[in-house]
Amino acid sequence: MALEHVLLVALREQPGSGLELTRRFERSLGYFWHATHQQIYRVLARMEADGWVAVETVAQSGRPDKRTFTVTTAGEDALAAWLASPTPMETFRSELAVKLRGASYGDRAAVLDLARAQLVEHTARLTHYEQLSDRDYPDPAALTGPDLDRHLVLRGGIGLERFWVTWLTEYLEAHA
């Protein structure tokens, strides 16, 4: 997957400026795909040159003009082709997992501190995801289309964070 595909999905959900996309990455997309402000702008420029997005310039009072990006037909076609293409099985790649496995060969106390810190972060993210689910999707059975897709991806994030919380808790309890 390339950042282009993430941006196409985001722009199909809602057209926006580079700054708006950056903020959306900070609020939601960034939980499963990280991109810096600079990367987003660089890729948007490439997507514009490739004809995947169109830009509307909107004059603003007292600020630079705002450039709002929308997906073109060529961008829709590229996204549809990517969505239909085979995806390799997701793999579990974790630096923390390697440290937990190797804790016996180094400073176990330091590794346990890392695990505790990660547990705090994953617990906070789990709480955040659950709050988003309760706030944004109070009636999941009534969801369809893009709302159902977003809800199900959020549910996947909740499941993943529950995995981390359960696993790290188990590891820490085994070494208590």
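Everything quoted here is computed from the prediction, not taken from an experiment.

J.: Break down the overall build of the protein for me, citing the residues and quoting the values.
T.: Tallying secondary structure elements over the protein gives seven helices and three strands in all. Seen in sequence order, the protein has helices and strands lined up from the N terminus as α-β-α-α-β-β-α-α-α-α. Radius of gyration (C-alpha) of the protein: 20 Å, far over the 16 Å computed for a compact globule of 176 residues. Considering only C-alpha atoms, the protein reaches an extent of 60 × 40 × 40 Å along its principal axes. The buried share of the protein, reckoned over its 176 residues, is 31%.

J.: If you had to explain the environment of tryptophan 33 to someone new, which residues and values would you point to?
T.: The topology assignment puts tryptophan 33 in the loop between helix H2 (18–27) and helix H3 (37–49). Along the sequence, tryptophan 33 and glutamine 118 sit 85 residues apart, while their C-alpha atoms lie 19 Å from each other.

J.: Now, about the sheet that holds strand E2 (residues 53–58): what can you tell me, with residues and values included?
T.: Pairing is antiparallel across the open sheet formed by three strands, whose spatial order is E1-E3-E2. Looking along the sheet, the strands with just one partner apiece sit at the ends: strand E1 (16–17) and E2. Where E1 and strand E3 (residues 66–71) come together, two bridges link them in antiparallel fashion. From the neighbouring strand, glycine 16 faces E3, where its bridge partner is phenylalanine 69. Against the sheet, H3 touches E2 and E3, its axis set at about 110° to E2.

Calculation criteria
- Residues numbered from 1 in each chain as written.
- Predicted model: local features only at pLDDT ≥ 70, side-chain atom pairs only at ≥ 80, totals over all residues.
- Heavy atoms only, no water.
- Helix = DSSP H or I, 4+ residues; strand = E, 2+ residues; numbered from the N terminus.
- Rg over C-alpha atoms; globule rule 2.2 N^0.38 Å.
- Buried < 20%, exposed > 50% of the residue type's maximum accessible area, 1.4 Å probe, protein only.
- Pairing = 2+ DSSP bridges.
- Contact = heavy atoms within 4.5 Å.
- Axes fitted to C-alpha atoms, helices over the stretch in contact; angles between N-to-C directions.

Geometry only, nothing functional implied.
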